[in-house]
Amino acid sequence: SQQGEEDPQALSIQEGENATMNCSYKTSINNLQWYRQNSGRGLVHLILIRSNEREKHSGRLRVTLDTSKKSSSLLITASRAADTASYFCATDWSQKLVFGQGTRLTINP
Amino acid sequence: DSGVTQTPKHLITATGQRVTLRCSPRSGDLSVYWYQQSLDQGLQFLIQYYNGEERAKGNILERFSAQQFPDLHSELNLSSLELGDSALYFCASSVAGADQPQHFGDGTRLSIL
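Anyway, here's the lowdown on the structure attached to this text. (Residues numbered from 1 in each chain as written. Chains lettered and ligands numbered in written order. Predicted model: local features only at pLDDT ≥ 70, side-chain atom pairs only at ≥ 80, totals over all residues. Heavy atoms only, no water.)

Some remarks on the overall build of chain B
- On a plain count of helices and strands, chain B comes out with zero helices and 11 strands.
- For chain B, whose C-alpha radius of gyration is 13 Å, the value lies close to the compact-globule estimate of 13 Å for 113 residues.
- Overall size of chain B, expressed as C-alpha extent along the three principal axes, is 40 × 30 × 25 Å.
- Here chain B, with 113 residues, has 50% of them falling under the buried criterion.
- Across chain B, the fraction of contacts at a sequence separation of at least 24, relative to all contacts at a separation of at least 6, is 55%.
- Summed over all atoms, the accessible surface of chain B reaches about 5300 Å², with 47% contributed by carbon and sulfur. (Helix = DSSP H or I, 4+ residues; strand = E, 2+ residues; numbered from the N terminus. Rg over C-alpha atoms; globule rule 2.2 N^0.38 Å. Buried < 20%, exposed > 50% of the residue type's maximum accessible area, 1.4 Å probe, protein only. Contact = heavy atoms within 4.5 Å. Areas by Shrake-Rupley, 256 points an atom, 1.4 Å probe, with all protein chains shown as cover.)

See below:
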């Protein structure tokens, strides 16, 4: 399966700390995307990184991509309570976007 | 607000019935995607339409069908419903293909009794 796998499945940290989530995938990709999902809501696109890019930033988000290891990481710096959500990586494969199972992030006040 | 509108938000029906879920994509987006999200299966891609034509197919059951109309809105039809079809159904849209960010609606929660 091309499906990405996030690690860890769940992460609980204190407000202000940094959160790191990892994603591994199995086959070659053109790009990798990260999405956030608040409970009961639709997914929100966070960042897209192409296969020829190694790092990308957006506000407090930093995404890295290592195509040799078929892995990506999402770093959220200076976490806030509002960052509590599930985070998914998604890879494009055969004209489809395939999502991992997600990391459930909880930010404790 | 993603700009993607899904109706209805909630749907409760019985086994064996048929329902239609509706999606209006973000203005300017030509592609519409349908996903099913359940606790045990996660987020599963069902089908994609681009400018009225089927572009890609995922794990969509034969009991399910979809179409995209000339005004680009899309409908997902689910028939002969089973208990296992209970899930959140999301519609997403993008300008073109799967290599671009997708914008999700807030979903239709389908409950089969």
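Comments concerning the interface of chain A and chain B
- Taken residue by residue, the interface counts 19 residues in chain A and 20 residues in chain B.
- A combined buried area of about 1600 Å² lies between chain A and chain B, and 51% of that area is made up of carbon and sulfur atoms.
- For chain A, the biggest contributors to the area lost against chain B are Leu 43, Gln 95 and Lys 96 of chain A; these three give 29% of the whole.
- Scanning the region where chain A abuts chain B turns up one salt bridge. (Buried area = accessible area lost by both parts, 1.4 Å probe. Salt bridge = Lys/Arg side-chain N within 4 Å of Asp/Glu carboxyl O.)

What to know about unusual backbone geometry
- The omega torsion across Asp 7 of chain A and Pro 8 of chain A is 0°, close enough to zero to call that bond cis.
- Here Pro 8 of chain A lies in the loop between strand S1 (5–7) and strand S2 (10–14).
- Its identity is not glycine, yet Asn 51 of chain B carries a phi of approximately 50°, on the positive side.
- In this model, Leu 72 of chain B sits at a positive phi of 80°, which is unusual for a non-glycine residue.
- Relative to the helices and strands, Leu 72 of chain B resides in the loop between strand S7 (64–68) and strand S8 (74–78).

Some thoughts on the sheet that holds S7 of chain B
All names here are of chain B.
- Reading across from one edge, S1-S3-S8-S7 is the order of the four strands in this open sheet, with antiparallel pairing throughout. Only two strands of the sheet have a single partner each, and these edge strands are strand S1 (5–7) and S7. On average, each strand axis in the sheet is inclined to that of its neighbour by 15°, with strand direction left out of account.
- Judged from the five bridges that link them, strand S3 (residues 19–24) and S8 form a sheet pairing that is antiparallel. The partner of Arg 22 across the bridge, within S8, is Glu 75. (Pairing = 2+ DSSP bridges. Axes fitted to C-alpha atoms, helices over the stretch in contact; angles between N-to-C directions.)

As for the side chain of Ser 79 of chain B
- Tracing the chain through its elements places Ser 79 of chain B in the loop between S8 and strand S9 (87–94).
- There is a polar contact of 2.8 Å between the side chain of Ser 79 of chain B and the backbone oxygen of Arg 63 of chain B. (Polar contact = N/O pair within 3.5 Å; in protein donor to acceptor, adjacent residues only side chain to side chain.)

Some details on the nonpolar core
- Membership of the largest hydrophobic core comes to 22 residues, with the highest contact counts inside it found for Leu 32, Trp 34, Leu 74, Ile 76, Tyr 87 and Leu 105 of chain A.
- Every element with two or more residues in this core is listed here: S2, strand S3 (19–24), strand S4 (31–37), strand S5 (43–50), strand S7 (61–66), strand S8 (71–76), strand S9 (85–93) and strand S11 (103–108) of chain A.
- Among residues more than four places away in sequence, those in contact with Tyr 87 of chain A are Glu 6, Met 21, Tyr 35, Arg 36, Leu 46, Leu 74, Ile 76, Gly 102, Thr 103 and Leu 105 of chain A.
- Ranked by size, the runner-up nonpolar core spans 20 residues in total, among them Leu 21, Ile 60, Phe 64 and Leu 76 of chain B. (Core = buried A, V, L, I, M, F, W, Y, C linked by side-chain atoms within 4.5 Å.)

Some thoughts on the pairing of S3 of chain A
Residues and elements named next belong to chain A.
- Only one face of S3 is covered, namely the face carrying Ala 19, Met 21 and Cys 23; the face carrying Thr 20, Asn 22 and Ser 24 is uncovered.
- Across three bridges, S1 lies against S3 in antiparallel orientation. Note on S3: the bridge partner recorded for Glu 5 is Ser 24.
- For S3 and S8, the ladder comprises six bridges, and the chain directions are antiparallel. What sits directly across from Asn 22, in S8, is Ser 73.

Regarding the sheet that holds S3 of chain A
All names here are of chain A.
- Strand order in this open sheet of five strands is S1-S3-S8-S7-S6, and the pairing throughout is antiparallel. Whereas interior strands pair on both sides, the edge strands pair on one side only; in this sheet they are S1 and strand S6 (55–58). Mean inter-strand twist for the sheet, computed between neighbouring axes without regard to direction, equals 20°.

Some remarks on the pattern of salt bridges
Residues and elements named next belong to chain A.
- Counted according to the given criterion, the structure contains seven salt bridges over all chains.
- Taking the shortest distance from any N to any O, the salt bridge between Glu 53 and Lys 56 comes out at 3.9 Å.
- For Glu 53, a relative accessible area of 25% puts it in the partly exposed group.

In short, shape yes, function no, at least from these values alone.
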